[in-house]
Amino acid sequence: MTSTNKPHEKSAGVVEDRPSAHLQARILAEAIPHLIRYDEQTVVVKFGGHAMGDEQLSNAFAQDIVYLKQSGINPIVVHGGGPQIASMLKKLEIKSDFVNGLRVTDKPTVEVVEMVLAGKINKEIVSAINRQGGKAVGISGKDANLMIAKKITEMADPQSNLMKAVDIGFVGDPLEVNPHIVEVISKSDLIPVIAPVGISRDGETLNINADTFASALAARMQAKRLLLLTDVAGVLDNDKKLVPELTIDDAHAMIKSGAISGGMIPKIEGCIEVVEAGVEGVVIIDGRVPHCVLLELFTEHGVGTLVRRAERKKSKG
Ligand SMILES: Nc1ncnc2c1ncn2[C@@H]1O[C@H](COP(=O)(O)OP(=O)(O)O)[C@@H](O)[C@H]1O
Ligand SMILES: CC(=O)N[C@@H](CCC(=O)OP(=O)(O)O)C(=O)O
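Residues numbered from 1 in each chain as written. Chains lettered and ligands numbered in written order. Predicted model: local features only at pLDDT ≥ 70, side-chain atom pairs only at ≥ 80, totals over all residues. Heavy atoms only, no water.

1. Remarks on the pattern of salt bridges
Then, number 1: If you walk through the whole model with that rule in mind, you get 12 salt bridges.
Then, number 2: The salt bridge partner of Lys120 is Glu124, with a shortest N-O separation of 2.7 Å. One end of the pair, Lys120, and the other, Glu124, are both in helix α5 (residues 107–131), 4 residues apart, so they sit about a helical turn from each other.
Then, number 3: Of the charged contacts, one joins Lys135 and Asp189 as a salt bridge, the two residues approaching to 2.7 Å between their closest N and O atoms. Of the two residues, Lys135 is situated in the loop between α5 and β7 (136–140) and Asp189 in the loop between α6 (180–187) and β12 (191–195); the sequence distance between them amounts to 54 residues. (Salt bridge = Lys/Arg side-chain N within 4 Å of Asp/Glu carboxyl O. Helix = DSSP H or I, 4+ residues; strand = E, 2+ residues; numbered from the N terminus.)

2. As for the sheet that holds β7
Then, number 1: Taken in spatial order, the 8 strands line up as β7-β12-β4-β3-β15-β17-β18-β16 in an open sheet, and their pairing is mixed. Of all the strands in the sheet, the pair left with one neighbour each is β7 and β16 (245–247). For this sheet the average axis-to-axis angle between neighbouring strands, irrespective of direction, equals 20 degrees.
Then, number 2: Sheet topology places strand β15 (residues 225–230) next to strand β17 (residues 281–286); 6 bridges connect them, and they run parallel. Residue pairing for β17: Leu229 is matched across the bridge by Ile285.
Then, number 3: Against the sheet, helix α3 (residues 55–70) touches β3 (42–47), β4 (74–79), β12 and β15, its axis set at about 150 degrees to β4. (Pairing = 2+ DSSP bridges. Axes fitted to C-alpha atoms, helices over the stretch in contact; angles between N-to-C directions. Contact = heavy atoms within 4.5 Å.)

3. Points about the UniProt feature "domain: Aspartate/glutamate/uridylate kinase" (unreviewed entry) in the protein chain
Then, number 1: As annotated in UniProt, the feature "domain: Aspartate/glutamate/uridylate kinase" (unreviewed entry) corresponds to residues 42–286 in the numbering used here.
Then, number 2: As a span, residues 42–286 carries 40% helix and 26% strand, and end to end its C-alpha atoms are 21 Å apart. (UniProt positions renumbered as here; feature names shortened; annotations may be inferred.)

4. Overview of unusual backbone geometry
If a residue is not glycine, its phi is most likely negative; likewise, a peptide bond is most likely trans.
Then, number 1: With phi around 50 degrees, Gln222 is a residue other than glycine that occupies positive phi space.
Then, number 2: Take Gln222: it is sitting in the loop between α7 (210–221) and β15.
Then, number 3: Phi is positive for Lys240, close to 65 degrees, though the residue is something other than glycine.

5. A look at the nonpolar core
Then, number 1: Leu146, Ile194, Val235, Ile260 and Ile268 are the most contacted members of the largest nonpolar core, which totals 45 residues.
Then, number 2: Secondary structure elements with two or more residues in this core: β4, β8 (147–151), α6, α7, β15, α8 (248–257), α9 (264–276) and β17.
Then, number 3: Those residues within four positions of Ile268 in sequence are excluded, and the remaining contacts are Val235, Leu246, Ala251, Ile255, Ile260 and Ile284.
Then, number 4: Listed in part, the 41 residues of the second largest apolar core include Val45, Ala62, Ile73 and Val126. (Core = buried A, V, L, I, M, F, W, Y, C linked by side-chain atoms within 4.5 Å. Buried < 20%, exposed > 50% of the residue type's maximum accessible area, 1.4 Å probe, protein only.)

6. Focus on the site of ligand 1
Then, number 1: Surveying the vicinity of ligand 1 reveals 17 residues, the closest of which are Thr230, Asp231, Leu236, Ala259 and Lys267.
Then, number 2: Considered on its own, ligand 1 offers 580 Å² of accessible surface; in the complex 77% of this is hidden by protein.
Then, number 3: Every element with two or more residues in the shell around ligand 1 is listed here: α2 (49–52), β15 and α9.
Then, number 4: Considering only residue class, the shell around ligand 1 consists of 7 nonpolar, 6 polar and 4 charged. (Near = heavy atom within 4 Å. Areas by Shrake-Rupley, 256 points an atom, 1.4 Å probe, with all protein chains shown as cover. Nonpolar A, V, L, I, M, F, W, Y, C, P; charged D, E, K, R; others polar.)

7. Points about the packing of aromatic side chains
Then, number 1: On inspection of all chains with the given rule, the structure shows 2 aromatic pairs.
Then, number 2: A centroid spacing of 3.8 Å and a plane angle of 0 degrees characterise the contact between Phe47 and Phe61, whose relative ring orientation is stacked. Residue Phe47 is located in strand β3, and its partner Phe61 is located in helix α3; the two are separated by 14 residues in the primary sequence.
Then, number 3: On the accessibility criterion, Phe47 (3% relative accessible area) is buried.
Then, number 4: Just above the ring of Phe170 sits the side chain of Lys107; from NZ or CZ to the centre is 4.8 Å.
Then, number 5: We note Lys151 situated over the ring of Phe170; from NZ or CZ to the ring centre the distance is 4.2 Å. (Phe/Tyr/Trp six-rings, centres within 6.5 Å; stacked < 30°, edge-to-face > 60°. Lys NZ or Arg CZ within 6 Å of the ring centre and 35° of its normal.)

8. Things to note about the UniProt feature "binding site: substrate" (unreviewed entry) in the protein chain
Then, number 1: Those residues carrying the UniProt feature "binding site: substrate" (unreviewed entry) are Gly81, Gly82, Arg103 and Asn207 in this numbering. In terms of the greatest pairwise C-alpha distance, the residues named above, spread along 127 residues, form a tight cluster of at most 11.8 Å across.
Then, number 2: With respect to the secondary-structure elements, Arg103 resides in strand β6 (residues 102–103).
Then, number 3: With residues up to four places along the chain from it excluded, the contact list for Arg103 reads Gly82, Ile85, Ala86, Leu89, Ser96, Asp97, Phe98, Thr109, Val113, Ile168, Val171 and Asn207.
Then, number 4: Of the polar contacts made by the side chain of Arg103, one reaches the backbone oxygen of Gly82; its length is 3.2 Å.
Then, number 5: Since its relative accessible area comes to 8%, Asn207 is described here as buried. (Polar contact = N/O pair within 3.5 Å; in protein donor to acceptor, adjacent residues only side chain to side chain.)

9. Quick look at the packing of α3 against α5
Then, number 1: As a packed pair, α3 and α5 sit with axes 8 Å apart at the nearest point and diverge in direction by 65 degrees. Relative to α5, the crossing made by α3 is right-handed. Of the residues in α5, those in contact with Asn59, Ala62, Ile65 and Val66 of α3 are Ala128, Ile129 and Arg131.
Then, number 2: Class assignment of the residues belonging to the contact of α3 with α5 gives a composition of 5 nonpolar, 1 polar and 1 charged. (Left-handed = near helix turned anticlockwise from the far one by under 90°.)

10. Section: the site of ligand 2
Then, number 1: Looking at ligand 2, there are 16 residues lining it, with Lys46, Gly49, Arg103, Asn207 and Ala210 nearest.
Then, number 2: At a separation of 2.8 Å, an oxygen atom of ligand 2 approaches a polar backbone atom of Gly49.
Then, number 3: Arg103 has a polar side-chain atom sitting 2.7 Å from an oxygen atom of ligand 2.
Then, number 4: Surface burial for ligand 2 is 91%, taken as the share of its 430 Å² of free accessible area covered by protein chains.
Then, number 5: The set of elements that each furnish at least two residues to the shell around ligand 2 consists of α4 (82–91) and β6.
Then, number 6: The greatest single-element share of the shell around ligand 2, amounting to 3 residues, is contributed by α4.
Then, number 7: Grouping the constituent residues of the shell around ligand 2 by class yields 6 nonpolar, 8 polar and 2 charged.

Below, the structure written as structure tokens:
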């Protein structure tokens, strides 16, 4: 039933009743232990290019980030922008291919990548957060040598896991992460928003997959949580059913069998690296769900796939 006096706008434009006082109290009670758990902790959130396409979802995301900051958590946003890079390359009639989820990046392409990621998209996210009352600061991996990377020259074949020499151009793998600038920004009332562009030791600009970038940063900073927002419910099995929890061994097996492919490969590889670095709360979540960040952090109901080191010990009974 639709309330006539104080309607509660859902982001899809649907009007619903406000939750009852009883329900509101329950939601608050559920959130409080989580708020205490995350107090002054670092949470790295990767905002994917697909999720950005929808204005209402982007606003809900920006609101969530501001709520986190207001509640004493240190959110760090790393963003993607794959679809936006693709449409700019198309306009410029530059062809683009992918190898294992990574864009083959020649010289003209890397210029477009940096322009789109560190220019347009970074500032759009900064503005979206600031419109919600936050104070976001946009930087890229080049600022204060945040992300020194090395050109990728070999890659593991997903099926055989054997290393193969590749030439995919100006694409980087994190080599050295210097989070000082992020820590300085985060310690104040500012929120860092980071474009996944890095720099090589020789000063070359390198295109870094945003999941890989966010994972390397989360591992280096020993973040409390890493949330990777995407355009699917999480990791799906061959029957397209959500896999709620995935161990490192399961993940390797799914890549080998081809059940995990394309853009999901760098996501999973990043998650594995972060879990191996000792971070426990690494999740791939459905960025199409409004306020998925708040739901994931502050409720008992996870909305995606949790990647963990090994099988949970079975509880008695
Ligand atoms: N097993 C899998 N489960 C879910 N998605 C998968 C899987 N294997 C491949 N994918 C693909 O990975 C995509 C997500 O990666 P990507 O396109 O890079 O998204 P984003 O822009 O959010 O980083 C999904 O839309 C899906 O097409
Ligand atoms: C090397 C590489 O593939 N870089 C990515 C960087 C952007 C990205 O990762 O964006 P999403 O998270 O939206 O996919 C690219 O060029 O598309």
